[in-house]
Amino acid sequence: MGTPRTYLPVLQATPVATLDGAIDGPPPTSLVDNFARRIRYLRISVTDRCNYRCSYCAPDDIAGDLAFAGRAEILSFEEIERLATVFARLGVRKLRLTGGEPTVRKGLVDLVGRLVRVPGIEQVVMTTNGHLLADLAGPLKAAGLAGVNISLDTLDPARFTTLTGGGDLVRVQAGLRAAVAAGLRVKTNAVALRGVNEAELLALCEYAWAHGAEPRFIEHMPMSGGMIYERAAELSSAAIRTALAEALGALVPVAGDRDAGPARTWMLAADPTRRVGVISAMTDHFCGDCNRLRLTAAGDLHACLGHDDALSLRDALRRGDSDERISHAIAAVVVGKREGHEFLAAAPGKHMISIGG
Ligand code: SAM
């Protein structure tokens, strides 16, 4: 690995830092961290607010802890667009809009239209709970959105409402159908929870396939200081694959799936058009291939989901920093990117609802 490059002091696991002081050298032109990982993908949370309260994402106990950012605290569309332009110059090619719930941010369609026009950006996609998607899918597609990942943990209406803190399965299903009909690429995301949706793995796959979507399962990650996470209740990606293979026959890995993101994609040996993604964040993590950064709605840039380190790009923007200086700030965050998460040693204090998954 050699000696770590020291662009600027490596960020510590501290509250949001600011980048003060002089910066030497030409602005960076690419983002490569100390572990030779090249950053190509930025997740942008466009709001920390959500119309659902999924138990694993915003556990009840953090309700009082969730200080939603005021309007003036979150990045404006102009600020997001400017940052996207800076990131694109640094080699970022893919943007994923997330939240909170991205569809509750007013003007989302306009934002997508702005982002798809940023030179260098090749793909803008979104992760959503689907509740408002029935009306938005067509306009989002027309604005240039390429695809949506829709959270769908269960097909049981009562369980869905409980798990999501009041969500409406019928609306989400309508949103999914509208997204497929609009021509968006659609994947479903289910957080795999032992004893909750464990018996629905096959049904969730069959449902997604029947509706023109690709199902995915995500291992439960211990965010919010590990709240509601139970190691003993882990439903591993290996267990998921075994259960699916027992029902459907052998699963074969899909080689070189560029669009898979963190998911490893498998296909049925008997029918290669039927694919399923599994995100083994806990049992077989993929940190070595991580090409992502995360920007919160309030403009904090996080290099790793599993650590709390962050740097405020909003402060940089609002104190009038140049694009070059902001590029240096981003490069500093990348240099500070940890080798991997340490979820089982220490769960991050940040909440998934705030960072956006
Ligand atoms: N509101 C949108 C949604 O429901 O998809 C976007 C934000 S949500 C934080 C993004 C993704 O994070 C969802 O697919 C959700 O299932 C996943 N997620 C939330 N908490 C999680 C956890 N503790 N472990 C694993 N995945 C989680």
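Residues numbered from 1 in each chain as written. Predicted model: local features only at pLDDT ≥ 70, side-chain atom pairs only at ≥ 80, totals over all residues. Heavy atoms only, no water.

Would you explain the overall build of the protein in this entry?
Scanning the protein from terminus to terminus reveals ten helices and twelve strands. Taken over the C-alpha atoms alone, the protein extends approximately 60 × 45 × 40 Å along its principal axes. Each of the 357 residues in the protein was classed as buried or not, and the buried ones make up 55%. Within the protein, contacts between residues at least 6 apart in sequence are counted, and of these 75% link residues at least 24 apart. (Helix = DSSP H or I, 4+ residues; strand = E, 2+ residues; numbered from the N terminus. Buried < 20%, exposed > 50% of the residue type's maximum accessible area, 1.4 Å probe, protein only. Contact = heavy atoms within 4.5 Å.)

For this particular structure, what's the right way to read the nonpolar core?
A general trend in soluble globular proteins is that nonpolar side chains are found buried together. Leu31, Phe87, Leu97, Leu293 and Ile330 are the most contacted members of the largest nonpolar core, which has 99 residues in total. If we ignore the near neighbours within four places in the chain, the residues touching Leu97 are Ile44, Val46, Pro102, Leu108, Leu111, Val112, Leu115, Val124, Val125, Met126 and Thr127. (Core = buried A, V, L, I, M, F, W, Y, C linked by side-chain atoms within 4.5 Å.)

I would appreciate a short explanation of the pattern of salt bridges in the present structure.
Side-chain pairing between opposite charges can occur once the charged atoms of the two side chains come close. Under the counting rule described, the total for this entry stands at 17 salt bridges. Put simply, Glu206 and Arg274 hold a salt bridge, and the shortest N to O gap is 3.1 Å. One end of the pair, Glu206, is in helix H6 (residues 201-210); the other, Arg274, is in strand E9 (residues 271-279), and 68 residues separate them in sequence. Classification of Glu206 as partly exposed rests on a relative accessible area of 32%. Judged by relative accessible area, which is 27%, Arg274 ranks as partly exposed. We note a salt bridge from Asp309 to Arg338, for which the minimum N-O separation is 3.0 Å. In this pair, Asp309 sits in the loop between strand E11 (300-302) and strand E12 (311-312) while Arg338 sits in the loop between helix H9 (323-335) and helix H10 (352-355), placing the two residues 29 residues apart along the sequence. Salt bridges here are not isolated pairs; linked through shared partners, they connect Glu78, Glu81, Asp110 and Arg114. (Salt bridge = Lys/Arg side-chain N within 4 Å of Asp/Glu carboxyl O.)

Got a minute to help me understand the sheet that holds strand E4 (residues 147-151) in this structure?
One key point about sheets: their strands pair by backbone hydrogen bonds, in either a parallel or an antiparallel sense. Read from one edge to the other, the open sheet built from twelve strands follows the order E7-E8-E9-E6-E5-E4-E3-E2-E1-E10-E11-E12, with strand pairing classed as mixed. Each having just a single partner strand, strand E7 (251-253) and E12 make up the two edges of the open sheet. Bridging between strand E2 (residues 94-98) and strand E3 (residues 123-128) involves four bridges; their strand directions are parallel. Paired with Leu97 across the strands is Met126, a residue of E3. Packing against the sheet, helix H7 (residues 237-248) makes contact with strand E5 (185-192), strand E6 (214-219), E7, strand E8 (264-268) and E9, and its axis sits at approximately 155° to E9. (Pairing = 2+ DSSP bridges. Axes fitted to C-alpha atoms, helices over the stretch in contact; angles between N-to-C directions.)

Honestly, the packing of H6 against H7 in this entry has me stumped. Any pointers?
Two numbers describe a pair of packed helices, the interaxial angle and the distance between the axes. Two elements in contact, H6 and H7, have axes whose closest approach is 9 Å; the angle formed by their N-to-C orientations is 70°. By the criterion of interaxial angle, the relationship of H6 to H7 is roughly perpendicular. Pair H6 / H7 crosses with right-handed handedness. Residue-level contacts link Leu201, Leu202, Cys205, Glu206 and Trp209 of H6 to Ile240, Ala243, Leu244, Ala247 and Leu248 of H7. Its residues assigned to classes, the contact of H6 with H7 comprises nine nonpolar, no polar and one charged. (Parallel < 35°, antiparallel > 145°, perpendicular 65-115°, else oblique. Left-handed = near helix turned anticlockwise from the far one by under 90°. Nonpolar A, V, L, I, M, F, W, Y, C, P; charged D, E, K, R; others polar.)

Function cannot be read off these values alone, since they describe shape.
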